[in-house]
Amino acid sequence: MATDGRADAAPGRWRSRVVTALLLGPTSAWYFLLLLAPLVILVAFSFGARAPEGGYAPAFQLDNYLELPTRVTAFTNTLWMAVGGTFLCLVVGYPLAYYLATRAGAKRTLLVVLVVVPFWTSFLIRTYAWLTILGNNGIPALLEGLGADDVVLLNTPPAVMLGIVYNYLPLMVFPLYVSLERLDKRLLEASKDLGAGRLATFRQVTLPLSAPGLLSGVLLVFIPIMGEYIIPAMLGGGKVFFIGNALVDLFLQSRDWPFGSAASIVLILVTLIAVSLYLWLGSRGQVRREVSIL
Amino acid sequence: MSQGTAPGTHSGRPPVDRAGRWVDRAFRTHAALVYLFLYVPIGLVVLFSFNAGDLTGELRGLSLRWYARALDDRFAMAALQNSLVVGAWTAILATSLGTIAALALLRAPRPVRAVFDAITYVAIIIPGIVIGIATLIFFVNMFGWVNPWLEYLWASAALGTPPTIRTGLHTIVAAHVVFTMAIVMILVRARLAGMDRSLTEASFDLFAPPLRTFVQVTLPQLWPAIITGALLAFTFSFDDFIIASFVAGPGQPTLPMYVFASIRRGITPEINAIASMVLGVTVTALVIVGLVYRRQARQDRTADDLERGDLAVAVPVTEEPR
């Protein structure tokens with residue numbers, strides 16, 4: 001592909017550039033019109049005022065940002081739930097990925113596919129399943145039979161957390177599985193032959209080598225939880241409030257677009273900062289490991 | 001591969017590794033519990049879809065009445081149709097645009113590639129809800145610009161009532177393509193990066209023109225990535241609730257929007273029936289795709305490829321973000 005441009009004379013190269021530009025055109029237009037331009041408008045809106053009938057009225061003020069502290073619980077809720085949910089997914093998912101990659105034997109393909117299937121089924125329906133299980137006719141009814149009255153499971157933070165782990169677990173397991181499966185088993189043997197125990201081998205060989213999978217798993221889970229709406233709406237019942245719920249409220253119900261824009265800008269910033277911080281810490285860890293290997 | 005087999009089958013190992021057996025047992029128990037956790041809720045949804053009673057909580061005999069009810073439900077079927085249309089268009093557009101862009105980026109100058117990488121990263125890192133909001137803002141602004149112009153043009157040409165552009169299924173597709181196009185691009189670029197260059201070069205050495213090289217050498221190697229991209233795009237689009245609820249037109253809900261609204265109104269086993277049917281279709285599609293991959297991989301001979309073929313469907317984005 002790249003070979004033709006290099007050898008050709010200048011006119012040929014020019015033509016190939018035009019072709020490249022034409023091929024990139026539709027994608028660029030799409031990105032520009034539906035992603036970049038709207039994000040710029042979003043920033044502009046966040047300094048505006050709410051029009052009397054809802055929507056946006058031109059203005060330049062910081063009121064929307066100054067008003068954000070009234071929604072601070074939504075932000076802290078989201079952040080903690082995202083961090084906690086990602087951590088739980090990791091704790092539950094890592095051993096499973098490890099088992100699948102190293103110990104599952106002949107059933108492996110089937111077992112991997114079984115982790116995959118829920119991911120391809122409807123998110124809404126997976127959450128709905130828990131709605132009936134945790135609802136009054138579900139586990140609380142069973143517990144009542146056992147003598148424990150008035151157990152409320154639905155519309156509590158643990159219910160939301162459960163929904164998060166349930167829905168995002170596959171996204172954590174895939175990348176971990178892939179990186180663990182690629183791991184050269186001879187390294188484990190070598191570690192064993194050199195007298196390292198199970199835990200030492202895990203800490204010094206397996207874990208560092210699965211770092212890429214861990215990295216992408218954490219990001220794949222963390223980022224969508226930050227924008228989660230369905231789980232808190234269905235399993236939190238308005239009592240556990242995420243930024244996503246606040247945004248739906250602001251844009252579709254109260255139609256306070258400028259305030260909603262400010263909230264979404266801050267959501268993007270918080271997500272970016274958290275992800276950058278995580279990547280930075282991760283790369284620092286990598287450096288330290290390389291040093292320790294030497 | 002040490003499965004929890006009887007000690008002694010490991011030839012050349014020191015006798016009975018007690019701790020090892022416990023560790024193995026712990027891993028298997030954990031895995032079994034996770035599978036239960038994953039499948040019991042889905043199983044219950046399917047079970048209660050056959051409920052003869054009116055409540056989702058109590059099973060009162062089995063029947064198909066809720067399936068009949070769901071299939072008769074005009075609104076549910078319209079929503080299903082909307083979702084299928086949106087999903088298909090999203091898959092087609094995202095796959096073709098993403099693939100073309102990925103190929104063009106191969107020969108684009110480095111700065112252009114860097115900019116595209118950055119924007120793709122933005123498209124993926126931004127939560128779906130913000131994409132919904134951003135596209136809503138874009139459409140509202142655009143309609144505010146375009147519709148008066150259309151009115152003016154139609155009025156000056158005396159064409160009668162001017163057409164107005166509104167939100168609808170097309171706006172949902174436009175919004176879904178932003179994100180899914182980025183995913184297809186990442187998948188195809190990863191495949192291109194891992195591709196054997198020598199084949200393309202051999203084709204050129206044998207005087208094949210570029211287009212022919214592309215069709216006969218490059219494209220066949222790209223198919224797995226393209227198909228995976230298309231499937232992911234369709235699934236994402238078919239499943240999406242949040243973006244659609246921002247940019248959908250009035251009175252044209254997608255299936256997730258319809259389901260969400262009916263759950264809000266009160267739960268009936270009809271939702272379970274709809275869910276089970278969607279589940280059945282998904283699983284059937286997955287099995288078919290899996291079998292196709294398997295056959296193709298067999299033709300490509302190596303067992304390694306076989307595994308990878310399965311995984312190509314299974315594993316969505318495993319690229320490390322750069």
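Residues numbered from 1 in each chain as written. Chains lettered and ligands numbered in written order. Predicted model: local features only at pLDDT ≥ 70, side-chain atom pairs only at ≥ 80, totals over all residues.

Visitor: Could you clarify how one ought to interpret the overall build of chain A in this entry?
Guide: From N to C terminus, chain A includes 14 helices and two strands. Against the compact-globule benchmark of 19 Å for 294 residues, chain A has a radius of gyration of 25 Å, which places it well outside the compact range. Seen through its C-alpha atoms, chain A measures out along the principal axes to roughly 85 × 75 × 35 Å. Burial statistics for chain A: of 294 residues in total, 41% are counted as buried. Expressed as a percentage of contacts within chain A between residues at least 6 apart in sequence, the contacts between residues at least 24 apart total 73%. (Helix = DSSP H or I, 4+ residues; strand = E, 2+ residues; numbered from the N terminus. Rg over C-alpha atoms; globule rule 2.2 N^0.38 Å. Buried ≥ 20, exposed ≤ 12 C-beta atoms within 10 Å, placed from the backbone. Contact = placed C-beta atoms within 7 Å.)

Visitor: Sorry, what's going on with the interface of chain A and chain B here?
Guide: Accessible area lost when the parts come together is the quantity often used to give the size of an interface. The interface is formed by 77 residues belonging to chain A together with 79 residues belonging to chain B. Here the side of chain A that touches chain B takes 18 residues from helix α2 (residues 10-46) of chain A, the largest share from any one element. Partitioned by chemical class, the residues of the side of chain A that touches chain B number 55 nonpolar, 18 polar and four charged. (Nonpolar A, V, L, I, M, F, W, Y, C, P; charged D, E, K, R; others polar.)

Visitor: Can you walk me through helix α6 (residues 169-193) of chain B in this structure?
Guide: Think of an α-helix as 3.6 residues a turn; residues three or four steps apart then line up on the same face. Residues and elements named next belong to chain B. The end-to-end C-alpha distance of α6 is 35 Å, a good match for the 36 Å that 25 residues give at a rise of 1.5 Å each. Where α6 bends most, the angle comes to about 35°, and this point is Val177. The buried fraction of α6 amounts to 20 of the 25 residues, a majority that puts the element mostly inside the structure. (Expected span 1.5 Å × (residues − 1). Bend = angle between axes of the 7 residues up to and from the residue.)

Visitor: How do you make sense of the packing of helix α3 (residues 74-107) of chain B against α6 of chain B when you look at a structure like this?
Guide: Relative orientation and spacing of two packed helices are given, respectively, by the angle between their axes and the distance between those axes. All names here are of chain B. Axis separation between α3 and α6 bottoms out at 6 Å; the angle between their running directions is 40°. Judged on the interaxial angle alone, α6 and α3 are oblique. Crossing handedness for the pair α3 and α6: right-handed. (Axes fitted to C-alpha atoms, helices over the stretch in contact; angles between N-to-C directions. Parallel < 35°, antiparallel > 145°, perpendicular 65-115°, else oblique. Left-handed = near helix turned anticlockwise from the far one by under 90°.)

Visitor: How do you make sense of the domain arrangement of chain A when you look at a structure like this?
Guide: Residue and element names in this part refer to chain A. The assigned domain composition of chain A is domain 1 (2-46) and domain 2 (71-293). Taking only C-alpha atoms, the centre of domain 1 and the centre of domain 2 are 35 Å apart. Each partner contributes to the interface: domain 1 provides four residues, whereas domain 2 provides six residues. Among the residues forming the side of domain 1 that touches domain 2, the class breakdown is three nonpolar, one polar and no charged. (Domains from an automatic or database assignment.)

Visitor: Could you clarify how one ought to interpret unusual backbone geometry in this entry?
Guide: Phi is mostly negative for residues that are not glycine, and the peptide bonds are mostly trans. If you check the backbone angles, Asn155 of chain A has positive phi at about 65° while not being a glycine. One can find Asn155 of chain A in the loop between α7 (139-145) and α8 (157-182).

Visitor: Sorry, what's going on with the nonpolar core here?
Guide: Among soluble globular proteins, nonpolar side chains are generally buried collectively. Core analysis: the biggest nonpolar cluster contains 154 residues, and Ala97 and Tyr177 of chain A together with Ile133 and Val178 of chain B have the highest contact counts within it. In terms of residue count, α8 of chain A provides more of this core than any other element does, 16 residues in total. Counting contributing residues, this core receives three or more from each of domain 1 (2-46) and domain 2 (71-293) of chain A. Setting aside residues up to four positions removed in sequence, Val178 of chain B forms contacts with Trp30, Leu34 and Leu35 of chain A together with Ala123 and Ile131 of chain B. (Core = buried A, V, L, I, M, F, W, Y, C linked by C-beta atoms within 7 Å.)

Visitor: How do you make sense of the environment of Ile186 of chain B when you look at a structure like this?
Guide: Inspection of the secondary structure puts Ile186 of chain B in helix α6. For the pair Ile186 of chain B and Ser237 of chain B, spaced 51 residues apart in sequence, the C-alpha separation works out to 18 Å.

Visitor: How do you make sense of helix α4 (residues 110-125) of chain B when you look at a structure like this?
Guide: All names here are of chain B. Look at α4: 22 Å from first C-alpha to last across 16 residues, which is about the 22 Å you get at 1.5 Å a residue. Phe116, Thr120 and Ala123 are the residues of α4 that are buried. Projection of α4 onto a plane perpendicular to its axis shows the buried side chains occupying an angular sector of 55°, all on one side. Exposed residues on α4 whose side chains face more than 90 degrees from its buried face are Arg110, Pro111, Ala114 and Ala118. (Arc of directions from axis to C-beta.)

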